[in-house]
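The residues making up each chain are set out below.
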Amino acid sequence: MSGSFTYAVVDGRADWPVNFVGFYDTLRFANWMNNHQGNGSTESGAYTLLGGAPVPSNAATISRSSGATWFLPSENEWYKAAYYETTSHTYFTYPTGRNDIPVPSAPSAVNPPSS
């Protein structure tokens, strides 16, 4: 998008999660990462976003650039990462690496690393 933008962290919230982020925001972030951050473009890189508007004019036809190093996984890529086990070449029913229904349990104690 055209214009001059400045972003800053709200005092006391540096470690808080980001919110109010939309799909096209994430594509712009991926572009910025592909362009080495700083003053890198947010409109081209992993994805070409046209029109200079919050919703690109080519929204219906956006695709990932072949040389992209930072990008959002496709639905199929995400599914494989969550459910596929490479050693057995098996897709599991649940993203726990099992086919049985996961059983909820309380978290276990974690010992902090020694310094």
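No experiment lies behind these values; they were computed from the predicted model shown.

## What to know about the layout of surface pockets
Argument step 1. As a volume, the second largest pocket reaches approximately 290 Å³.
Argument step 2. Lining the second largest pocket, in full, are Y7, A8, V9, V10, R13, W16, P17, V18 and N19.
Argument step 3. Taken together, the residues that form the lining of the second largest pocket break down as 7 nonpolar, 1 polar and 1 charged.

## Regarding the packing of aromatic side chains
Aromatic ring pairs: the centre-centre distance and the angle between the two ring planes describe each pair.
Argument step 1. Enumeration over the complete set of coordinates arrives at 6 aromatic pairs.
Argument step 2. Summarising the aromatic geometry, the rings of F23 and Y24 are spaced 5.2 Å apart at their centres and angled 70° between planes, so their arrangement reads as edge-to-face.
Argument step 3. Relative to Y83, the ring of W78 lies with its centre 6.4 Å away and its plane at 70°, an arrangement referred to as edge-to-face.
Argument step 4. Since its relative accessible area comes to 16%, Y83 is described here as buried.
Argument step 5. Here the aromatic residues W78, Y79, Y83, Y84 and Y91 are joined through ring pairs into a cluster of three or more.
Argument step 6. K80 extends its terminal NZ or CZ atom over the ring of Y84, reaching a point 4.8 Å from the ring centre.

## What about the nonpolar core?
Looking at soluble globular proteins, one finds that nonpolar side chains tend to be buried together.
Argument step 1. Core analysis: the biggest nonpolar cluster contains 6 residues, these being L27, A30, A46, Y47, L49 and A68.
Argument step 2. Once you skip the residues sitting within four places of it in the chain, Y47 turns out to touch L27, A30, N31, I62, S63, R64, S65, F71 and L72.

## Looking at the environment of L72
Argument step 1. Positionally, L72 belongs in the loop between α1 (23-34) and α2 (75-83).
Argument step 2. Assessed through its relative accessible area of 31%, L72 is described here as partly exposed.
Argument step 3. Sequence separation between L72 and S57 is 15 residues, and the spatial gap between their C-alpha atoms is 20 Å.
Argument step 4. Beyond its immediate sequence surroundings of up to four residues, L72 is in contact with F23, T26, L27, Y47, R64 and E77.

Rules and cut-offs
Residues numbered from 1 in each chain as written. Predicted model: local features only at pLDDT ≥ 70, side-chain atom pairs only at ≥ 80, totals over all residues. Heavy atoms only, no water. 1 Å grid on protein atoms, 1.4 Å probe; cavity = no way out; pocket = protein on both sides within 12 Å on 5 of 7 lines; lining within 4 Å. Points joined across faces, edges and corners; volume = space filled by probe spheres on them. Nonpolar A, V, L, I, M, F, W, Y, C, P; charged D, E, K, R; others polar. Phe/Tyr/Trp six-rings, centres within 6.5 Å; stacked < 30°, edge-to-face > 60°. Buried < 20%, exposed > 50% of the residue type's maximum accessible area, 1.4 Å probe, protein only. Lys NZ or Arg CZ within 6 Å of the ring centre and 35° of its normal. Core = buried A, V, L, I, M, F, W, Y, C linked by side-chain atoms within 4.5 Å. Contact = heavy atoms within 4.5 Å. Helix = DSSP H or I, 4+ residues; strand = E, 2+ residues; numbered from the N terminus.

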